[in-house]
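Structural overview
Single-letter residue listing:
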Amino acid sequence: MPVDTLWGWVGPLLVTAFGGFLRFFRLGEPHAVVFDETFYIKDAYALLKFGAERLALGTTDDPIADRMILRGDLDIWKTCPTVAECAEYVAHPPLGKWMIAVGEWLFGMTPFGWRFAGAVVGTLSILIIARVARRMTRSTLLGCLAGLLLALDGLHFVLSRTALLDIFLMFWVLAGFACLVVDRDAARQRLSAWYATALPTALGPPLGIRPWRLAAGACLGAACAVKWSGIFFLIAFAAMSLVWDAGARRALGLRQPYRGVVLRDLTGALGALALLPAGVYLLSWTGWFARAEGWGRNWEQATTAGPVFFVFDSLRSWLGYQLQVLGYHTGLSKEHPYMSEPWQWPLLQRPVSFYYPSDPAPTGCGADKCSSAVLGVGTPALWYLAALALLALVAWYVSSRDWRAGAVLLGYGAGWLPWFYYAIADNRTMYLFYMVPVVPFMVLALVHVAGIALGPASAPPVRRAAGAAAVGACALVVLINFGWLYPILSAETITFAQWWARMLMRSWV
C-alpha cells in the first residue's frame, strides 16, 4: 500500500465532500414526487407506520396521496373492512424502503426527507470507491480520480437525489466488492505469514475467521434485500473470491492449491457468501413477519393455531409471496415510453425523464418558454470513455491476467449481461437506470487504464508526462460535460432553448 497514509484519507475525504455538496445542494428540489418516488416514498412511510406496505389513496394515473403529501396532509391511507384488504402487494424486498424511511423519520415526509438516505449513500459510495481504487492501484492519486469521476457521473448524481431503490443497490454492491478486495489482501498476508514460519504442505493452512469476507456477505445480502438483481453480483463475487483464494495458494507454490481451496476455504466461503446473505435477506422482512399488515400474511389464522403453526405458516406464506414476486418479474412486459434495451445502455440512447412539468409550465427564466427537468442520464464523456476503457481492459486481461482487470470486468458483466436474457427471453420492461450498480466498475475501468497510461514510477519522464496530460485532459472533459448537463440533472429553471441544446440525441426527448 502507498506510504502516504494521511493523504490516503484526506484526499478521498475531500473528493467525497465535493460530491456530497453536489448531492445535498437543493436536495429538496423539485418540490414534487418524481417518477417512481410515487411508489417508494409511500411504501417507506407505511413501513414506519405499520411495519409493512399499505394501500394509499389514488392510483398510478391519479395519485391523490402524492398531492396530499406535498401539501402536508399525511392521512393518505385507504380505509378497508379488514387489515388484510389494505395490504399492498409490492415487487421488491423492503430494505431499500426502510433506508428511505430513515430520512422520512428524521426530516419528515418532505422531498428532502425522502431523498436524504439516497444522498447519504451516494456520497458514501464516492469515499468507498476512492479507497478501493487506491487499494487496487496502490495509488492515492488514482483513488482520488476514481472518487472524482463517480461524483461527476450524471446517472449516479440523479439517483443520489431521488428516492428510488437502485442507488441503495449500487451502494451495497460496491461495499461488498470493496470488502472482498480488502479480504483478498488480508488472506494473502495470512498465507505469507504462515509460509514464512511453518513447514510447507500440499494444501496450505485454513485461514480461520475472515471478518472482511463476512462483511462482504452481509453487504451483498443487503443488496439482494434491496432488489433481487443483487443476486447476480453475489454469485459472481463469491466465485471471484474463491478464485482469488486459489490464486493465492498457487502463488505460494503449494502443490494442490485448488484442492486446498475446496478443503480449507469452501466451507467458510459458503457460510459467509451464501448462508449469511440469506440470513440478511430474511432479516430485512422482520416487519412483515412481526405485523399483521403484510401482503399474504395470513396473520389471524396463524396466531390462533399455536406458536409452532405460527412459525411454519409464516414461512409458508412468505415463500408463497416470494414466488408471486418471481412470477411478476418474469412476466413484466408492459410498454413504457422510457423503456430501453440493455444493448442501448452503454451509449445512453434512451434515458429516463424523471421530471418535466408542463402544466403549469415553469416560469422565471427570462424567456417566453422555460423548462425544468431531471433527466436520468449518465455523463456521456465518462460513459463513452469507460466503454473504450472496458474494451482495453479485455485486451489487457487476456495478455496479462491482471486480477484487477478481471475483477472490474466481472463486476461490469454481472450488472449488465443478465439483462440480455430478460430482454430476449421475456421481453421485459427495463430502464437505463438499471445500470447504476455498474457505474463504479466503469469508473474503476477508467482508473485502471489511467494507471496503465501513467506507467510505473520508474517509467521515463516523457512517458509519465504524456500519460498525465492525457488522463488530466479526460478528467477535465468529464468535469465540463457534467457541468454542462447539470441544469437538466437538478431541475434548474432554464430557457427551453437551453434545455433543447442539452439533448444530445433526439431519443433523449
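Refer to the preceding data block for the structure.
Let us look at the structure shown here. Note that this is a predicted model, so its numbers are computed, not measured.

What follows covers the overall build of the protein chain. Along the backbone of the protein chain there are 20 helices and four strands. Along the first, second and third principal axes, the C-alpha set of the protein chain runs to 75 × 70 × 45 Å. A fraction of 77% describes how many contacts in the protein chain between residues 6 or more apart in sequence connect residues 24 or more apart. Entry remark: accessible area of the protein chain is about 22000 Å², with carbon and sulfur atoms responsible for 68%. Averaging the coordinates of the 39 positive side-chain charges in the protein chain and doing the same for the 30 negative ones gives two points 13 Å apart.

What follows covers the state of the cysteines. Summed over the entire model, instances satisfying the criterion amount to two disulfides. Its sulfur unpaired, C144 is 18 Å from the next cysteine sulfur, which belongs to C474. The partly exposed category is assigned to C474, whose relative accessible area is 34%.

A few words now on the packing of helix α5 (residues 111-137) against helix α8 (residues 166-197). Between α5 and α8, whose axes approach to 9 Å, the crossing angle comes to 25°. On the basis of their axis angle, the class for α5 and α8 is roughly parallel. The two elements α5 and α8 cross, and the hand of that crossing is left-handed. Note on element contacts: α8 touches α5 through I167, F168, M170, F171, L174, A175, F177, A178, V181, V182 and D185, opposite A117, G118, V121, G122, L124, S125, I128, I129, V132, R135 and M136. Residues of the contact of α5 with α8, tallied by class, amount to 17 nonpolar, three polar and two charged.

Looking now at the environment of W244. Relative to the assigned elements, W244 resides in helix α10 (residues 230-251). Here W244 falls in the buried class, since its relative accessible area comes to 9%. Along the primary structure W244 and C179 are separated by 65 residues, whereas in three dimensions their C-alpha atoms are 13 Å apart. Leaving out residues up to four positions away in the same chain, W244 has contacts with L180, V181, R184, R188, W403 and A407.

Under the counting rule described, the total for this entry stands at 49 aromatic pairs. When the centroid spacing of 5.9 Å and the interplanar angle of 80° are considered together, the rings of Y431 and Y434 count as edge-to-face. When sorted by exposure, Y431 lands in the same class as Y434, which is buried. With a centroid separation of 6.1 Å and 45° between ring planes, the pair formed by W499 and W500 is classed as tilted. Its relative accessible area of 9% is what places W499 among the buried residues.

For the structure on display, the rule yields 17 salt bridges. Where E293 meets R291, a salt bridge forms, and the shortest distance between an N and an O atom there is 3.6 Å. R291 gets classed as partly exposed once you look at its relative accessible area, which sits at 34%. One network of salt bridges, with partners in common, ties together D183, R210, R213, D245, R249 and D265.

Right, let's talk about the packing of helix α2 (residues 37-50) against helix α4 (residues 95-107) for a bit. Running from amino to carboxyl end, α2 crosses α4 at an angle of 75°, the nearest separation of the two axes being 8 Å. Of the possible angle classes, the one that applies to α2 and α4 is roughly perpendicular. Of the residues in α4, those touching α2 at Y40, I41, D43, A44, Y45, L47 and L48 are K97, W98, I100, A101, E104 and W105. Tallied by class, the residues present in the contact of α2 with α4 amount to 10 nonpolar, no polar and three charged.

To continue, consider the side chain of R161. Structurally, R161 is set in the loop between α7 (154-160) and α8. Polar side-chain contacts of R161 include one of 3.5 Å to the backbone oxygen of L22. Excluding its chain neighbours within four sequence positions, the residues that come into contact with R161 are L22, R23, F24, F25, R26, L27, E29, E37, R115 and S490.

Here we come to the side chain of D166. Mapped onto the fold, D166 is located in helix α8. Taking the relative accessible area as the measure of exposure, D166 reaches 3% and is therefore buried. Residues within four places of D166 in sequence aside, it is in contact with L159, K227, F433, Y434 and V436.

The peptide bond linking E29 to P30 adopts the cis configuration, its omega dihedral lying at 0°. Positive phi, normally seen in glycine, also occurs at R26, with a value near 60°. In this model, L348 sits at a positive phi of 60°, which is unusual for a non-glycine residue. Of note, L348 is situated in the loop between α14 (307-330) and β1 (352-355).

Our focus in this paragraph is the nonpolar core. Generally speaking, a soluble globular protein has its nonpolar side chains buried in company with each other. By size, the foremost hydrophobic cluster in this structure holds 139 residues, and its most contacted members are F177, F237, F354 and F433. For this core, the element with the most residues is α8, which contributes 13 residues. Excluding anything up to four places from it in sequence, F177 contacts V132, M136, F237, M240, A407, F441 and L444.

This paragraph deals with a nonpolar patch on the surface. Taken together, the side chains of L48, V102, W105, L106 and F107 present a nonpolar region at the surface, about 520 Å² in accessible area. Looking at the nonpolar patch, the element that brings in the most residues is α4, giving four residues. Following the sequence through the fold, L48 ends up in helix α2.

What counts, and at which threshold
Residues numbered from 1 in each chain as written. Predicted model: local features only at pLDDT ≥ 70, side-chain atom pairs only at ≥ 80, totals over all residues. Heavy atoms only, no water. Helix = DSSP H or I, 4+ residues; strand = E, 2+ residues; numbered from the N terminus. Contact = heavy atoms within 4.5 Å. Areas by Shrake-Rupley, 256 points an atom, 1.4 Å probe, with all protein chains shown as cover. Lys, Arg positive; Asp, Glu negative; His and termini not counted. Charge placed at Lys NZ, Arg CZ, Asp CG, Glu CD. Disulfide = S-S within 2.5 Å. Buried < 20%, exposed > 50% of the residue type's maximum accessible area, 1.4 Å probe, protein only. Axes fitted to C-alpha atoms, helices over the stretch in contact; angles between N-to-C directions. Parallel < 35°, antiparallel > 145°, perpendicular 65-115°, else oblique. Left-handed = near helix turned anticlockwise from the far one by under 90°. Nonpolar A, V, L, I, M, F, W, Y, C, P; charged D, E, K, R; others polar. Phe/Tyr/Trp six-rings, centres within 6.5 Å; stacked < 30°, edge-to-face > 60°. Salt bridge = Lys/Arg side-chain N within 4 Å of Asp/Glu carboxyl O. Polar contact = N/O pair within 3.5 Å; in protein donor to acceptor, adjacent residues only side chain to side chain. Core = buried A, V, L, I, M, F, W, Y, C linked by side-chain atoms within 4.5 Å. Patch = residues over 30% accessible without salt bridge, like charges linked within 9 Å, V, L, I, M, F, W, Y side chains within 5 Å.

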